[in-house]
Amino acid sequence: SLFLLVAGPLAAIAFWYVRGRDPKLGVVVPDYITEPPDNLPPAMVGSLVDERVDMQDIVSTLVDLAHRGYLTMEESKKKEYTFARTEKPDQDLRAYEQKFLKYVFSGKDSRTLASLQYKFASNIPNLRDMIFDNLISEGYLPSKPPSVHSRYLGLAIIVTLMGIGASILVSMLVPGASSYFCFPIFAFIVTGIALLIMAKYMPRKTAKGAEAAAKWNAFKAY
């Protein structure tokens, strides 16, 4: 029982070491990089570094597309913002960027920020998926981090419930089993908790993604 109590959490850690840890870098990345290391758009950079598509990553796409000439942003004296689509074609954009423009303008030439309120939010989950799809197709991630996290979270919940259910069953079937926690089934609960903690660290990058993330973090440090 003591062996399983120790071996279960250690096995969870070993599983992360083999399946969840980012690959070792094939090159030495300096602590500081003075220029952007590649041409990845900001939404993909932010999502690669922390393996999440945050709201700031979505907003950065708007600013980036304006910087690259696909739209303009104007602020009025009343602090109202208007976005206008330029004539620059979008064929060279990534799929999520093309979809972003479609969601913002909805076939119109211009939109105000107020007109997007409560309407744009429903498109964010799809944009998140598309950003991850681009990172996967370009070789930075092997799979979507939310899916990996959910998969191991489900495993952790199953193992924990098995331990709790088995311990309750033993306490009911064995009269006077006040010290039933010494049974090996208690190791399931501890292992399940270890898996719950480990689940958030299981998403990993590819070798290409780990190197790119290290370089972008070095640029951020600079």
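Above this text sits the structure in question.
Bear in mind the structure is a predicted one, so any value in this text is a computation, not a measurement.

Rules behind the numbers
Residues numbered from 1 in each chain as written. Predicted model: local features only at pLDDT ≥ 70, side-chain atom pairs only at ≥ 80, totals over all residues. Heavy atoms only, no water. Pairing = 2+ DSSP bridges. Helix = DSSP H or I, 4+ residues; strand = E, 2+ residues; numbered from the N terminus. Axes fitted to C-alpha atoms, helices over the stretch in contact; angles between N-to-C directions. Buried < 20%, exposed > 50% of the residue type's maximum accessible area, 1.4 Å probe, protein only. Parallel < 35°, antiparallel > 145°, perpendicular 65-115°, else oblique. Left-handed = near helix turned anticlockwise from the far one by under 90°. Contact = heavy atoms within 4.5 Å. Nonpolar A, V, L, I, M, F, W, Y, C, P; charged D, E, K, R; others polar. Expected span 1.5 Å × (residues − 1). Phe/Tyr/Trp six-rings, centres within 6.5 Å; stacked < 30°, edge-to-face > 60°. Lys NZ or Arg CZ within 6 Å of the ring centre and 35° of its normal. Patch = residues over 30% accessible without salt bridge, like charges linked within 9 Å, V, L, I, M, F, W, Y side chains within 5 Å. Areas by Shrake-Rupley, 256 points an atom, 1.4 Å probe, with all protein chains shown as cover. Salt bridge = Lys/Arg side-chain N within 4 Å of Asp/Glu carboxyl O.

1. Concerning the sheet that holds strand S1 (residues 71–75)
One open sheet holds the three strands; their spatial order is S1-S2-S3, and the pairing between them is antiparallel. The open sheet has two edge strands with one neighbour each: S1 and strand S3 (110–112). Along the sheet, successive strands turn relative to each other by an average axial angle of 20°, direction set aside. Two strands pair when backbone bridges link them, and strand S2 (residues 81–85) and S3 are joined in this way by three bridges, in the antiparallel orientation. When the bridges of S3 are listed, Thr-82 appears paired with Thr-112.

2. What to know about the environment of Gln-56
Examined against the element boundaries, Gln-56 turns out to sit in helix H3 (residues 55–67). We classify Gln-56 as exposed; its relative accessible area is 57%.

3. Concerning the packing of helix H1 (residues 2–20) against helix H8 (residues 186–199)
Contact geometry for H1 and H8: axes closest at 8 Å, N-to-C directions at 20°. Considering their axes alone, H1 and H8 lie roughly parallel with respect to each other. H8 is crossed by H1, and the crossing has right-handed handedness. Contacts from Leu-4, Leu-5, Gly-8, Pro-9, Ala-12, Phe-15 and Trp-16 in H1 reach Phe-186, Ala-187, Val-190, Thr-191, Ala-194, Leu-195 and Met-198 in H8. Taken together, the residues of the contact of H1 with H8 break down into 12 nonpolar, two polar and no charged.

4. Description of H3
Over its 13 residues, H3 runs 19 Å from end to end, which matches the ideal 18 Å to within 8%, given 1.5 Å per residue. All of the buried residues in H3 are Asp-57, Ile-58, Ser-60, Thr-61, Leu-62, Asp-64, Leu-65 and Ala-66. Taken together, the buried residues of H3 touch helix H2 (42–50), S1, S2, helix H4 (95–105) and helix H6 (124–137).

5. What to know about the packing of aromatic side chains
In total, this model carries four aromatic pairs according to the counting rule given. When the centroid spacing of 5.5 Å and the interplanar angle of 75° are considered together, the rings of Phe-100 and Phe-120 count as edge-to-face. Of the two residues, Phe-100 sits in helix H4 while Phe-120 sits in the loop between helix H5 (113–116) and H6, which places them 20 residues apart along the sequence. There is no split in this pair, since Phe-100 and Phe-120 are both buried. For Arg-21, the ring lying beneath its charged end belongs to Tyr-17, and the centroid distance is 3.8 Å. Against the face of Tyr-70 rests Lys-88, its NZ or CZ located 4.4 Å from the ring centre.

6. Quick look at a nonpolar patch on the surface
A contiguous nonpolar surface patch, about 1,200 Å² in accessible area, is contributed by Ile-157, Leu-161, Ile-164, Ile-168, Leu-169, Met-172, Leu-173, Val-174, Ile-193, Leu-196, Ile-197 and Tyr-201. In terms of residues, the nonpolar patch owes the most to one element, helix H7 (residues 145–173), which gives seven residues. Its place among the elements puts Ile-197 in helix H8. Look at Ile-197 and you get exposed, because its relative accessible area is 53%.

The analysis is restricted to geometry; functional conclusions fall outside its scope.
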